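One letter stands for each residue in the lines below.
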Amino acid sequence: MRVVKTAIEVAVVLLGWALGGTFGWATVAYALGVGVVVQLAARRLAPAMAAPAPASSARTIPAAAA
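Notes on the structure in this doc start here. A quick note: this is a predicted structure, and the numbers were derived from the prediction, not measured.

Description of the overall build of the chain
When helices and strands are counted, the chain shows two helices and zero strands. The buried share of the chain, taken over its 66 residues, is 11%. For the chain, the computed accessible surface area is about 5600 Å², with 71% contributed by carbon and sulfur atoms.

This is the structure:
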């Protein structure tokens, strides 16, 4: 995830520059650092989001009639 996000951000910065825009050190720092932050956050938050629902709130789906 880190590599893809960083590649996207760097491509956007380069495209903006090619179109005549300017960028500074903060733009470069963001483009190179946001991928790392997103990957670390995803690793930390993904287990909590993927936790199974408690058994009491699980719904059963009736089997289809044959």
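Next, the rest of the story.
Focus on the side chain of Gln39
With respect to the helices, strands and loops of the structure, Gln39 is situated in helix H2 (residues 25-49). Discounting chain neighbours no more than four positions away, the residues touching Gln39 are Met1 and Arg2.

Some details on the side chain of Thr6
When you line up the elements, Thr6 lands in helix H1 (residues 2-18). The exposure class of Thr6 is buried, given its relative accessible area of 17%. Excluding residues that lie within four positions of it along the chain, Thr6 makes contacts with Ala31, Leu32 and Gly35.

Digging into the pattern of salt bridges
Any two side chains of opposite charge can pair, given that their charged atoms come close. All chains considered together, the criterion is met by one salt bridge. Where Glu9 meets Lys5, a salt bridge forms, and the shortest distance between an N and an O atom there is 3.1 Å. Placement of the pair is Glu9 and Lys5 together in helix H1, with a separation of four residues, close to one helical turn. The exposure class of Glu9 is buried, given its relative accessible area of 13%. Assessed through its relative accessible area of 26%, Lys5 is described here as partly exposed.

Comments concerning a nonpolar patch on the surface
A contiguous nonpolar surface patch, about 500 Å² in accessible area, is contributed by Leu14, Trp17, Phe23, Val28 and Leu32. Looking at the nonpolar patch, the elements that each hand over two or more residues are H1 and H2. Following the sequence through the fold, Val28 ends up in helix H2.

What to know about H1
The end-to-end C-alpha distance of H1 is 24 Å, a good match for the 24 Å that 17 residues give at a rise of 1.5 Å each. The set of residues buried in H1 consists of Thr6, Glu9 and Val13. Buried residues of H1, viewed axially, fall in a sector of 70°; they line one side. Exposed residues lying more than 90 degrees from the buried face of H1 are Val3, Val4, Val12, Leu15 and Ala18. Looking one or two residues past H1, Gly20 carries a phi angle of roughly 105°, positive in sign.

The rules behind these values
Residues numbered from 1 in each chain as written. Predicted model: local features only at pLDDT ≥ 70, side-chain atom pairs only at ≥ 80, totals over all residues. Heavy atoms only, no water. Helix = DSSP H or I, 4+ residues; strand = E, 2+ residues; numbered from the N terminus. Buried < 20%, exposed > 50% of the residue type's maximum accessible area, 1.4 Å probe, protein only. Areas by Shrake-Rupley, 256 points an atom, 1.4 Å probe, with all protein chains shown as cover. Contact = heavy atoms within 4.5 Å. Salt bridge = Lys/Arg side-chain N within 4 Å of Asp/Glu carboxyl O. Patch = residues over 30% accessible without salt bridge, like charges linked within 9 Å, V, L, I, M, F, W, Y side chains within 5 Å. Expected span 1.5 Å × (residues − 1). Arc of directions from axis to C-beta.

These values are about where atoms sit, not about what they do.
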